[in-house]
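# Structural features, examined
Spelled out from the first residue to the last, the chains are:
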Amino acid sequence: MTDSKYFTTTKKGEIFELKAELNSDKKEKKKEAVKKVIASMTVGKDVSALFPDVVNCMQTDNLELKKLVYLYLMNYAKSQPDMAIMAVNTFVKDCEDPNPLIRALAVRTMGCIRVDKITEYLCEPLRKCLKDEDPYVRKTAAVCVAKLHDINAQLVEDQGFLDTLKDLISDSNPMVVANAVAALSEIAESHPSSNLLDLNPQSINKLLTALNECTEWGQIFILDCLANYTPKDDREAQSICERVTPRLSHANSAVVLSAVKVLMKFMEMLSKDLDYYGTLLKKLAPPLVTLLSAEPELQYVALRNINLIVQKRPEILKHEMKVFFVKYNDPIYVKLEKLDIMIRLASQANIAQVLAELKEYATEVDVDFVRKAVRAIGRCAIKVEQSAERCVSTLLDLIQTKVNYVVQEAIVVIKDIFRKYPNKYESVIATLCENLDSLDEPEARAAMIWIVGEYAERIDNADELLESFLEGFHDESTQVQLQLLTAIVKLFLKKPTETQELVQQVLSLATQDSDNPDLRDRGYIYWRLLSTDPVAAKEVVLAEKPLISEETDLIEPTLLDELICYIGTLASVYHKPPSAFVEGGRGVVHKSLPPRTASSESTESPETAPAGAPSGEQPDVIPTQGDLLGDLLNLDLGPPVSGPPLATTSVQMGAVDLLGGGLDSLIGGPNFVAPPAAAVPANLGASMGSGLSDLFDLTSGVGTLSGSYVAPKAVWLPAMKAKGLEISGTFTRQVGSISMDLQLTNKALQVMTDFAIQFNRNSFGLAPAAPLQVHAPLSPNQTVEISLPLNTVGSVMKMEPLNNLQVAVKNNIDVFYFSTLYPLHVLFVEDGKMDRQMFLATWKDIPNENEAQFQIRDCPLNAEAVSSRLQSSNIFTVAKRNVEGQDMLYQSLKLTNGIWVLAELRIQPGNPSFTDLELSLKCRAPEVSQHVYQAYETILKN
């Protein structure tokens, strides 16, 4: 008889009877009673009153009974924590049982009892099980560590379980390795900064060896762990790819996707010229195609992942178009996804095949699918120019079918084709106008109105057509109202005499009779434009439109790179990064593809960007335009941004002798000013130098151009905030001159001229040394590179932060404001080397409270390399000593305003496990220390 009989009883007073049976001397009766208890628990009855009686049954050799008791214990331990302590002795005993299954069962249950009170009692048994001779027990114990860490992370760290877990990665049994990796990955996700999975070529080799022998889920854990590793060069990446490739033929689709993720990530490091790269592309196609023969739900997950892969590397599946053709019995969600991939793979070679297929889909019965198919035809026209004519004639054939929703979708699509190919297919407008009355969807009505307004001069009765829409103006959706307003204004500008009444009617409806703020604003703008300057109105409203791009729905490249790192997870199905749908901070780590090393396409990934380098992100110091307007246009400023005042009068830094009279001779008197900078063209990221200094003899002027670090250009002013003007830039110092290297891009539709630039007062008196020279007008979509020489003789005012620079740029359109942070090392001058006696006296003279301590992490350079790299940025080594096996460098640098900074740098030579440098800085103006430290970090890590 089956166990179902235990679920059929509905007796009253059952608890009392069960209690008696649980305390029976007969083993069979006891076992029956425990089964009844578990059955009651499963159907939702409260049997917690039997806790002590069930726990007494733990003392048994019967494995089945023990499993049932443990199941009960896991369920009720949380509500009866005091009682659960009674079971601890049995756990300890079971962890030493000769039967490995019982030892593993005990340790598994221990991990599932989420009660703080008893976790510390379980540490000793867990420690023994982690070192058990049986691999089954070890693999269970490894997972238990992750569960225990979730309950009490501090306890796990104090007991040294994490180190034991790391040792299990070298275990001889592949399943133990897989579970250890899974546990460490789980813990690392909740503590992203812990660097638990310290992967190196040796540990990677062990994981790859275990990969061939463990179960499918073990393989997934190991592959996901490999995906988080960044190989040191392309050879190592190729070697890992070769050993992972066999997983592509696995029966489990999760293993296949995890292997694809690893290969997609490491391919980024392989040169496209390698034979192996081509081989790998060929090997990736068959497993992805095979995934499409699974059941629909799996197909959908596979298609969402393939969608990402095709956007990143379309060449993988370019010959596999046919597998994405829709089958009649595919569910709608699979059909739509296949359709999307077909468009992404469409090219001149296969467009005829794709169009024939799409035309077939447009006659299906499923309305959503038909709409998507018609849109797809339009996307093909925009993507493959040679097919545009065939696409337009296909769309016209579909319009002739007179099926309402097909006609409406076709009109929306044709509007986009007109935008892509102006003055080419306007002959079809007459056909479109015939279907005007059948349009009832806002998007289709708006598209038709746009076509009529845009080509009003070619349509004889354009005014009548637009007037027909105007009759029910207030019943239309906002989208249609806005389009109608613009279309009638266009019509008026093209045929002013015939449409004056019409334009007055629409402006009145849009402004006086409407509650919608968007519509009213647009109406008033048009009204004022037309009444004050009709020529300007014509230039604005009838301006030449930019062509629409081929792919409007591609995922943004940095997001795509991040999603490629999440192939096979929920993020790849949602097409959103985990941070968008995972609540709280847990497990959300931003990932990115490794930089290319083998080819010239090397890009620096966000993961490897130097900590101190000014990144592409805008600093959080940009004041509002209101704050800047007064400052930049009226340089007679009020008090600076709030913050601690500088000591005494050191705000006017350039005019104070900060180290006492002894140094006047070194800096050329108290009012020493750096010479005006000369314009030096800078090459983005090029290793140009910043001085002709010589480590031993500064006055000789003999030296070579050094490799001072230049940060990559960052976008300082986005086009959307500056009416189409985009400004990117960086700062450089070369041969004693400071430059602001700018890149101006015109993303507007009109020419830009009359450029000028002005800086607000700032901490170091930075100011342009010459006007902003843009020699020719900047046409739409044109980019120009300019090197603007700077000097440090401008007005001084302490900023917050100290290296904040507020800038105003003017052109013929408007004045624009932005704020950026300059790296302090561009202000380090070439004569910043002190002699030893002066260094010693000054170090003692500066009070100890002005000393600041910093750590520069992960910098595996020796003293010579550090000294040489810093000297290229005008940080000079005055002396070097070795104290108790540590190299000590004593260094000096001087800022353009005469501030001296003294440094002591400790380096552990020849110790690869200790790569942190300790930096002590002393300065009369301690505010600069933090920024000098950032400069050190930037220079040493690049």
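Heads up: the structure comes first, above all this text.
A brief look at the structure comes next. (Residues numbered from 1 in each chain as written. Predicted model: local features only at pLDDT ≥ 70, side-chain atom pairs only at ≥ 80, totals over all residues. Heavy atoms only, no water.)

### Notes on the overall build of the protein chain
Across its full length, the protein chain carries 38 helices and 13 strands. Looking at the protein chain residue by residue over its 942 residues, the buried ones come to 51%. Taking the contacts inside the protein chain whose residues are at least 6 apart along the sequence as the reference set, 67% of them involve residues at least 24 apart. Here the protein chain displays about 43300 Å² of accessible surface, and carbon together with sulfur accounts for 51% of that area. (Helix = DSSP H or I, 4+ residues; strand = E, 2+ residues; numbered from the N terminus. Buried < 20%, exposed > 50% of the residue type's maximum accessible area, 1.4 Å probe, protein only. Contact = heavy atoms within 4.5 Å. Areas by Shrake-Rupley, 256 points an atom, 1.4 Å probe, with all protein chains shown as cover.)

### A few points about the packing of helix H2 (residues 27–42) against helix H4 (residues 63–76)
Running from N to C, H2 and H4 cross one another at 35°; their axes reach a closest spacing of 10 Å. Relative to H4, H2 is oriented so that their crossing is left-handed. Of H4, the residues touching H2 (which contributes Lys31, Val34, Lys35, Val37, Ile38 and Met41) are Glu64, Leu65, Leu68, Val69, Leu71, Tyr72, Asn75 and Tyr76. Taken together, the residues of the contact of H2 with H4 sort by class into 10 nonpolar, 1 polar and 3 charged. (Axes fitted to C-alpha atoms, helices over the stretch in contact; angles between N-to-C directions. Left-handed = near helix turned anticlockwise from the far one by under 90°. Nonpolar A, V, L, I, M, F, W, Y, C, P; charged D, E, K, R; others polar.)

### Description of the nonpolar core
Among the nonpolar cores identified, the biggest contains 212 residues, and Tyr72, Leu126, Val244, Leu358 and Phe418 are the most heavily contacted of them. Beyond its immediate chain neighbours, meaning those up to four positions away, Tyr72 contacts Val37, Ile38, Met41, Val47, Ser48, Leu50, Phe51 and Val54. (Core = buried A, V, L, I, M, F, W, Y, C linked by side-chain atoms within 4.5 Å.)

### A word on the pattern of salt bridges
It is possible for side chains bearing opposite charge to pair when their charged atoms get close. In this structure the tally under the stated criterion is 35 salt bridges. In this structure, Lys19 and Asp53 form a salt bridge, with 3.0 Å as the shortest nitrogen-oxygen distance. With a gap of 34 residues between them, Lys19 in helix H1 (residues 14–22) and Asp53 in helix H3 (residues 51–56) connect regions that are remote in the sequence. A network of salt bridges, in which partner residues are shared, links Arg371, Arg375, Glu409, Glu441 and Glu443. (Salt bridge = Lys/Arg side-chain N within 4 Å of Asp/Glu carboxyl O.)

### Topic: the state of the cysteines
A complete count under the given rule lists 0 disulfides for this structure. Looking at the unpaired Cys391, the closest cysteine sulfur is the one in Cys380, lying at 5.5 Å. (Disulfide = S-S within 2.5 Å.)

### Notes on the sheet that holds strand S9 (residues 852–856)
For sheets, the rule is that strands pair by backbone hydrogen bonds, running either parallel or antiparallel. Pairing in this open sheet of 5 strands is antiparallel, and the strands run S9-S13-S12-S11-S10 from one edge to the other. A strand with exactly one partner marks an edge of an open sheet, and here the two such strands are S9 and strand S10 (876–883). In this sheet, neighbouring strand axes are inclined to one another by 20° on average, regardless of whether the strands run parallel or antiparallel. By the bridge criterion, 8 bridges tie strand S11 (residues 886–894) to strand S12 (residues 900–907) in an arrangement that is antiparallel. Following the sheet pairing, Tyr890 is matched in S12 by Glu904. Strand contacts of helix H36 (residues 836–845): S10, S11, S12 and strand S13 (917–923), with the helix running at about 95° to S12, the strand carrying the most contacts. (Pairing = 2+ DSSP bridges.)

### Concerning the packing of aromatic side chains
Following the criterion strictly, the structure yields 13 aromatic pairs and no others. Plain terms: the ring middles of Tyr421 and Tyr425 are 6.2 Å apart, the flat faces sit at 85° to each other, and that makes the pair edge-to-face. Both residues of the pair, Tyr421 and Tyr425, belong to the buried class. Plain terms: the ring middles of Phe854 and Tyr933 are 4.5 Å apart, the flat faces sit at 5° to each other, and that makes the pair stacked. Taken together, the positions of Phe854 in strand S9 and Tyr933 in helix H38 (residues 929–940) put the pair 79 residues apart, joining distant regions of the chain. Judged by relative accessible area, Phe854 falls into the buried class, the value being 15%. Accessibility expressed as a relative area gives 13% for Tyr933, which makes it buried. Each member of the aromatic cluster is reached from another via a ring pair, and the members are Trp716, Phe731, Phe764, Phe818 and Tyr822. (Phe/Tyr/Trp six-rings, centres within 6.5 Å; stacked < 30°, edge-to-face > 60°.)

### Section: the side chain of Asp330
Turning to its location among the elements, Asp330 is positioned in the loop between helix H19 (296–312) and helix H20 (332–345). With relative accessibility at 9%, the residue Asp330 sits in the buried group. Looking at Asp330, its side chain comes within polar contact range of the main-chain nitrogen of Lys327, at 3.0 Å. In terms of polar contacts, Asp330 uses its side chain to reach the side chain of Lys338, at 2.9 Å. In this structure Asp330 touches Gln299, Lys335 and Lys338, once residues within four positions along its chain are discounted. (Polar contact = N/O pair within 3.5 Å; in protein donor to acceptor, adjacent residues only side chain to side chain.)

### What to know about H1
Of the positions making up H1, those classed as buried are Glu14, Leu18, Glu21 and Leu22. All buried residues of H1 project into a common sector of 95° when viewed along the axis, lining one side. Pointing more than 90 degrees away from the buried face of H1 are the exposed residues Phe16 and Ala20. The elements touched by buried residues of H1 are H2 and H3. (Arc of directions from axis to C-beta.)

### Some details on the sheet that holds strand S8 (residues 815–821)
One open sheet accounts for 3 strands, arranged S4-S7-S8; its pairing is antiparallel. With partners counted over all chains shown, the strands left at the sheet margins are strand S4 (756–759) and S8, one partner each. Taken over all neighbouring pairs, the strand axes of this sheet differ in orientation by 25° on average, direction set aside. Across 4 bridges, S4 lies against strand S7 (residues 804–810) in antiparallel orientation. Counted as the bridge partner of Ala756 is Lys810 from S7.

### Let's talk about the pairing of S7
The element S7 is extensively covered by neighbouring structure, given that 6 of its 7 residues are classed as buried. Taken together, the 7 bridges between S7 and S8 define a ladder with antiparallel strand orientation. Considered in S8, the bridge of Asn804 is made with Leu821.

### Regarding the environment of Ala711
Among the structural elements, Ala711 can be located in the loop between helix H35 (664–667) and strand S1 (714–717). Considering only alpha carbons, one finds Ala711 and Gly729, 18 residues apart in sequence, at a separation of 9.2 Å.

### Some remarks on the pairing of S9
Alternating positions in S9 separate cleanly, Ala852, Phe854 and Ile856 being buried on one face and Gln853 and Gln855 remaining unburied on the opposite face. Note: S9 against S13, 5 bridges, orientation antiparallel. Within the sheet, the bridge partner assigned to Phe854 lies in S13 and is Leu919.

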